[in-house]
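# Chains, contacts and geometry: an overview
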Amino acid sequence: MCNPPWIAKNFKYRIISEPQIKLHQIQALIRKAYGLYVSKTSCRRAKMIVMKENIGDYKKEFARLHDYAEMLKSTNPGTTVVIRTSKNIEPGKEGTCKGELLSCISKDGNNQMYPVAWAVVENKSKDTWSWFIRCLKHDMNLTETEGEGLTVMSDMQKDLHLAITQLLPNDEMSVQELTFEVYFSKKLDEMDQLGGDIVQDLLKYNKETWCRAYFKEHSKCDVMENNMCEIFNSWILTARHKSIITMLEEIRIKCMERMNSMREFSGKWVGDISPMAMEILGENA
């Protein structure tokens, strides 16, 4: 009988891999595979069975958020866990419950991804970015320096840029790449030949944020993009569609396992300089 439990059993992995799958798409899959027509109600119930058994119970997990936070603090000393909720809006995430996942990703000694912090918020706004950066500012002891010596790569999102400018005024923000000072004018002339107001629009932005020749001397980071954040988002893609605690716990475990494997990897280095740094030195020698 083609009932919800049967649909859940036979299309379990498809629903888990695509939590956003529409009911009419499940109907089409059943029709194609078995030549059967089922109602949207049956598909909805089947999807709820799969989601509850394999991705977590959303309502129950939201109710346990404070318990989860206290457990993290007690079992992981030094970990910062902050929960800020609204009585009018239920916090959520991208997926079944709407929301956004903010992240701060750095680079380790081998020039590889090092997750620093992540947060679930209602939406991306100046308020949520400011709250997130204030937490980072406190944990990274940036209050006195106001970001001096810190290099930030972002995608020039307006609200994020405003928050960083206000809370970390001494940081160095990089948003795009061009070339060295000796070629600066030449490259601008070449771009100007493309027509339009390309150069004029580009020069509206502070050149100290996108041209290496104008970077502050203390900066030792030549990265000009935020690909590390994109890598992190892809890395946690499956977890992002799960219920709140299930998602956060899966991300936490993935990060802990990665840090442990990177620690073991560093013990196999030949010498005190990381393999990636040696490779870069060799290319530029």
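Predicted model, so just to flag it, every value in this text is computed and none were measured.

Summing up its helical and strand segments, the protein has 13 helices and four strands in all. Burial status across the protein gives 35% buried among its 285 residues. Put simply, of all contacts in the protein between residues at least 6 apart along the chain, 59% involve residues at least 24 apart. In the form shown here, the protein has an accessible surface area of approximately 18,100 Å², with 53% of it arising from carbon and sulfur atoms.

Once that is clear, we can look at the pairing of strand β1 (residues 100–107). In this sheet, strand β2 (residues 113–121) lies alongside β1 in antiparallel orientation, the contact comprising eight bridges. By the bridge assignment for β2, Ile105 is matched with Pro115.

Glancing now at the environment of Glu230. In this fold, Glu230 is placed in helix α11 (residues 227–235). Overall, Glu230 belongs to the partly exposed group, its relative accessible area being 44%.

Once that is clear, we can look at unusual backbone geometry. The backbone of Asn111 shows a phi angle near 65°, a positive value even though the residue is not glycine. Assignment of secondary structure puts Asn111 in the loop between β1 and β2. Not every positive phi belongs to a glycine, and Asn141 is a case in point at roughly 55°. With respect to the helices and strands, the residue Asn141 is situated in the loop between α7 (126–139) and β3 (151–153).

Turning next to a nonpolar patch on the surface. Taken together, Tyr114, Val116 and Met140 make up a surface patch of nonpolar side chains, about 240 Å² in accessible area. Here Met140 shows up in the loop between α7 and β3. Of the residues examined, Met140 reaches a relative accessible area of 37% and is grouped as partly exposed.

One finds Ile105, Phe232, Ile244, Met247 and Ile251 to be the most contacted residues of the largest nonpolar core, which totals 20 residues. For this core, the elements supplying multiple residues, two or more each, are α6 (65–75), β1, α11 and α12 (244–266). If you tally residues by element for this core, the top one is α12, at six residues. In terms of nonpolar packing, the next biggest core, distinct from the first, is built from 17 residues, Ala119, Trp129, Leu160 and Ala163 among them.

Next up on the list: the state of the cysteines. Here the structure, examined in full by the defined rule, presents zero disulfides. Counting only cysteine sulfurs, Cys229 is the nearest neighbor of Cys104, a cysteine outside any disulfide, at a range of 7.3 Å.

Two measures define how a pair of helices packs: the angle their axes make with one another and the distance between the axes. One way to put it is that α6 packs onto α12 with a least axis distance of 10 Å and a crossing angle of 20°. By the criterion of interaxial angle, the relationship of α6 to α12 is roughly parallel. The chirality of how α6 crosses α12 is right-handed. Across the interface between the two elements, Leu65, Tyr68 and Leu72 of α6 pack against Ile244, Ile245, Leu248, Glu249 and Arg252 of α12.

In this model α7 runs 20 Å from its N-terminal to its C-terminal C-alpha over 14 residues, within 8% of the 20 Å that 1.5 Å per residue would give. In the stretch just after α7, Asn141 is the one whose phi turns positive, near 55°.

Of note, Tyr114 is situated in strand β2. The spacing of Tyr114 and Met259 is 145 residues in sequence and 8.0 Å in space, taken between C-alpha atoms. When residues no more than four places from it in sequence are discounted, the contact partners of Tyr114 are Ile105, Ser106, Lys107, Asp108 and Met259.

Right, let's get into the packing of aromatic side chains. A complete count under the given rule lists six aromatic pairs for this structure. Ring geometry for Phe11 and Tyr34: centres 6.3 Å apart, planes at 80°, overall edge-to-face. Of this pair, Phe11 sits in the loop between α1 (4–10) and α2 (12–17) while Tyr34 sits in helix α3 (residues 23–34), and the two are 23 residues apart along the sequence. A relative accessible area of 10% places Phe11 in the buried class. In this structure Tyr34 comes out as partly exposed when scored by relative accessible area, which is 41%. Judged by centre distance (6.2 Å) and plane angle (80°), the rings of Phe265 and Trp269 are edge-to-face. Members of the aromatic cluster, connected to one another through ring pairs, are Trp6, Phe11 and Tyr34.

Turning next to the pattern of salt bridges. Evaluated as defined, the whole model comprises three salt bridges. Residue Lys73 is joined to Glu70 by a salt bridge in which the shortest nitrogen-to-oxygen separation is 3.9 Å. Here the residue Lys73 and the residue Glu70 both occupy positions in helix α6, the gap between them amounting to three residues, near one helical turn. Classification of Lys73 by relative accessible area gives partly exposed; the value is 39%. Residue Arg252 is joined to Glu249 by a salt bridge in which the shortest nitrogen-to-oxygen separation is 2.4 Å.

Reading the values: rules and limits
- Residues numbered from 1 in each chain as written.
- Predicted model: local features only at pLDDT ≥ 70, side-chain atom pairs only at ≥ 80, totals over all residues.
- Heavy atoms only, no water.
- Helix = DSSP H or I, 4+ residues; strand = E, 2+ residues; numbered from the N terminus.
- Buried < 20%, exposed > 50% of the residue type's maximum accessible area, 1.4 Å probe, protein only.
- Contact = heavy atoms within 4.5 Å.
- Areas by Shrake-Rupley, 256 points an atom, 1.4 Å probe, with all protein chains shown as cover.
- Pairing = 2+ DSSP bridges.
- Patch = residues over 30% accessible without salt bridge, like charges linked within 9 Å, V, L, I, M, F, W, Y side chains within 5 Å.
- Salt bridge = Lys/Arg side-chain N within 4 Å of Asp/Glu carboxyl O.
- Core = buried A, V, L, I, M, F, W, Y, C linked by side-chain atoms within 4.5 Å.
- Disulfide = S-S within 2.5 Å.
- Axes fitted to C-alpha atoms, helices over the stretch in contact; angles between N-to-C directions.
- Parallel < 35°, antiparallel > 145°, perpendicular 65-115°, else oblique.
- Left-handed = near helix turned anticlockwise from the far one by under 90°.
- Expected span 1.5 Å × (residues − 1).
- Phe/Tyr/Trp six-rings, centres within 6.5 Å; stacked < 30°, edge-to-face > 60°.

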